[in-house]
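This is what each chain is made of:
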Amino acid sequence: MSELYVMDHPLIKHKLTFIRDKNTGSKSFRELVKEVAMLMGYEVTRNLELEEIDIETPVAKTKSQIISGKKLGIVPILRAGLGMVEGMLSLLPAAKVGHVGLYRDPDTLEPVEYYCKLPSDVEERDFIVTDPMLATGGSAIAAIDALKKRGARNIRLMCLIAAPEGVKSVQETHPDVDIYLAGLDEKLNDHAYIVPGLGDAGDRLFGTK
Ligand code: PRP
Ligand code: URA
């Protein structure tokens with residue numbers, strides 16, 4: 001079974017409160033999502049391998065560590081996952097960005113794939129899939145399926161808020177994918193929205209409602 005990490009850093013909890021608040025407008029919402037993604041990136045990258053190199057400080061020669069040549073890929077699930085990319089890239093400027101386009105059919109609630117563009121060396125990269133919301137889990141499962149189908153082997157999923165139903169579903173379908181959350185909520189409502197959640201992440205990011 002995969003690991004589930006729920007962030008407990010006070011800065012993340014604080015910012016998540018304002019992300020949830022319905023009175024937070026799109027500009028602040030975008031900034032906060034970007035900041036929380038960056039803070040979460042600190043945990044998501046905790047197990048990156050290091051290597052030792054020789055350097056010279058102004059005072060002496062020494063050995064010091066750098067991240068070893070592991071190639072990373074960030075894959076936002078369109079649209080709302082885009083809001084988390086900039087924060088991650090500010091920590092990982094050499095990462096490549098792939099995109100998976102999915103929407104939830106409003107009647108069936110099933111995810112429909114409409115776009116997929118990944119770095120050409122998929123097999124060689126470790127991927128971090130980003131999406132603010134993990135509700136039923138259908139979109140995340142479909143995005144991970146899309147990555148695996150094209151050869152990805154090492155994948156992590158990073159979301160702001162999840163419902164227990166979505167976590168369970170992803171863990172059952174993709175037990176090799178660790179999940180990182182800023183908050184784990186109570187449940188889904190009858191429209192498969194996360195309760196208390198934050199509403200529609202895409203609409204709040206891009207002002208489309
Ligand atoms: C939202 C959200 C997730 C998905 C979560 O996207 O950003 O991708 O719903 O729901 P699920 O876990 O039940 O699949 P939406 O389909 O609204 O598309 P959008 O990002 O284009 O707004
Ligand atoms: N998608 C969202 O944007 N919000 C939810 O609560 C569930 C799915």
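Coordinates for the structure precede this section.
Figured I'd write up the structure that's included with this text. Because the structure is a prediction, the values reported are computed rather than measured.

The next thing to look at is the overall build of the protein. In terms of helices and strands, the protein carries six helices and 13 strands. A compact globule built from 209 residues would reach a C-alpha radius of gyration of about 17 Å, and the protein, at 18 Å, matches this within 12%. If one aligns the C-alpha atoms of the protein with their principal axes, the spans along those axes are about 65 × 40 × 30 Å. Residue burial in the protein is summarised as follows: out of 209 residues, 46% are buried.

Here D131 lies in the loop between β8 (125–130) and β9 (133–134). D131 gets classed as buried once you look at its relative accessible area, which sits at 9%. A distance of 3.1 Å separates a polar side-chain atom of D131 from the backbone nitrogen of M133. When neighbours within four sequence positions are excluded, D131 is seen to be in contact with I77, A80, G81, M84, M158, C159 and L160.

Inspection of the secondary structure puts G87 in helix α3 (residues 85–91). The class for G87 is buried, based on a relative accessible area of 1%. In the structure, G87 is positioned 45 residues away from Y42 in sequence and 11 Å away in space, judged by C-alpha atoms. Contact partners of G87, with chain neighbours within four places excluded, come to K34 and M38.

To continue, consider the pairing of strand β11 (residues 178–184). Burial runs high along β11: six of the seven residues are buried. Relative to β11, strand β1 (residues 4–6) runs parallel, the two sharing three bridges. Bridged to V6 within β11 is L181. In terms of strand pairing, strand β10 (residues 154–162) meets β11 through six bridges, oriented parallel. For I161, the partnering residue across the bridge sits in β11 and is G183.

Analysis parameters
Residues numbered from 1 in each chain as written. Chains lettered and ligands numbered in written order. Predicted model: local features only at pLDDT ≥ 70, side-chain atom pairs only at ≥ 80, totals over all residues. Heavy atoms only, no water. Helix = DSSP H or I, 4+ residues; strand = E, 2+ residues; numbered from the N terminus. Rg over C-alpha atoms; globule rule 2.2 N^0.38 Å. Buried < 20%, exposed > 50% of the residue type's maximum accessible area, 1.4 Å probe, protein only. Polar contact = N/O pair within 3.5 Å; in protein donor to acceptor, adjacent residues only side chain to side chain. Contact = heavy atoms within 4.5 Å. Pairing = 2+ DSSP bridges.

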